[in-house]
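Residue-level structure breakdown
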Amino acid sequence: MKLVKLLANLGYGSRKDVARLIRNGWLTRRDGSTVGLDDDFLHEDLLVDDEPIDPPQGVLILFNKPIGYTCSTKDPGRVVYDLLPERFRYRNPVLSTVGRLDRDTSGLLMLTDDGHLLHRIISPKAELPKIYEVELAEDLRGDEAALFAAGTLLLESETTPLAPAVMETIDTRQARLILIEGRYHQVRRMFAATGNRVLSLHRSRTGRLDLEGLEPGQWRIVPRDEAESKLFT
Ligand code: URA
């Protein structure tokens, strides 16, 4: 791919802007030499404004979502993209969230521009466990774990029961829930079905991928081999 197209697709600017910036010596190699518009290049050798260039298509981003941000690109309020570099909004192919977290849910959210990878992660067949830490308004009744494990719970306005889920009691109003599916507002609706209310919800893990080293609002790129080993093996 031509340099100008590559950089425009990575969201660094329009083709015109990017061409101008390259002419101004904004793109260099790790050895300090300047890269011209028609030069050959190795992606991993390129620096943009002295920073390593963003990865090409096929990126997976791990983000620690704070509460108060939605996953939509169209929401008029605060959106997760506000906490990522501005250029990420303009990548082509687009960087989509892998599933969603509610505005008032915090924790592990992935984003990718790789449709195949996204499908592999969210496909019900993958049965990838998602771990949620839940705080409740009322004391647990004591029968929730058995109810969730049964695989018979039918949520309001749905026609198929939920897959079995594992619930661990942490405290009288605190639980950990392990789900292999991701239905709309699932955790909140599961506890609502038991007459309780979720006060706070945090996704701490997907597969074996967790948020270690990431404060709320921080993100990192997940190398492909780490994604494969922590999500699919
Ligand atoms: N379940 C919910 O209710 N909300 C989320 O954001 C994720 C799972």
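Described below are features of the structure shown in this document. (Residues numbered from 1 in each chain as written. Predicted model: local features only at pLDDT ≥ 70, side-chain atom pairs only at ≥ 80, totals over all residues. Heavy atoms only, no water.)

For the rest of this paragraph, the subject is the packing of aromatic side chains. Applying the stated criterion to the full structure yields three aromatic pairs. Measuring from ring centre to ring centre gives 6.0 Å for Tyr12 and Trp26, while their planes differ by 80°; the resulting arrangement is edge-to-face. With Tyr12 in the loop between α1 (3-9) and α2 (15-23) and Trp26 in the loop between α2 and β1 (27-29), the pair connects residues that are 14 residues apart, well separated along the chain. A relative accessible area of 15% means that Tyr12 is categorised as buried. Take Trp26: its relative accessible area is 12%, and that puts it in the buried class. Between Phe88 and Trp219, the aromatic rings sit 5.2 Å apart at their centres with planes inclined by 65°, giving edge-to-face as the arrangement. One end of the pair, Phe88, is in the loop between β4 (60-65) and β5 (96-97); the other, Trp219, is in strand β12 (residues 219-221), with 131 residues separating them in the sequence. Assessed through its relative accessible area of 2%, Phe88 is described here as buried. For Trp219, a relative accessible area of 28% gives the class partly exposed. Just above the ring of Phe232 sits the side chain of Arg120; from NZ or CZ to the centre is 3.8 Å. (Phe/Tyr/Trp six-rings, centres within 6.5 Å; stacked < 30°, edge-to-face > 60°. Helix = DSSP H or I, 4+ residues; strand = E, 2+ residues; numbered from the N terminus. Buried < 20%, exposed > 50% of the residue type's maximum accessible area, 1.4 Å probe, protein only. Lys NZ or Arg CZ within 6 Å of the ring centre and 35° of its normal.)

Let's shift gears to the nonpolar core. Tyr132, Val134, Phe148, Leu177, Val187, Met190 and Phe191 are the most contacted members of the largest nonpolar core, which totals 32 residues. For this core, the secondary structure elements donating two or more residues are β4, β6 (105-112), β7 (130-136), β9 (174-179), α5 (186-192) and β10 (198-206). Excluding residues that lie within four positions of it along the chain, Leu177 makes contacts with Lys130, Ile131, Tyr132, Val134, Phe148, Ala165, Val166, Met167, Val187, Met190 and Phe191. (Core = buried A, V, L, I, M, F, W, Y, C linked by side-chain atoms within 4.5 Å. Contact = heavy atoms within 4.5 Å.)

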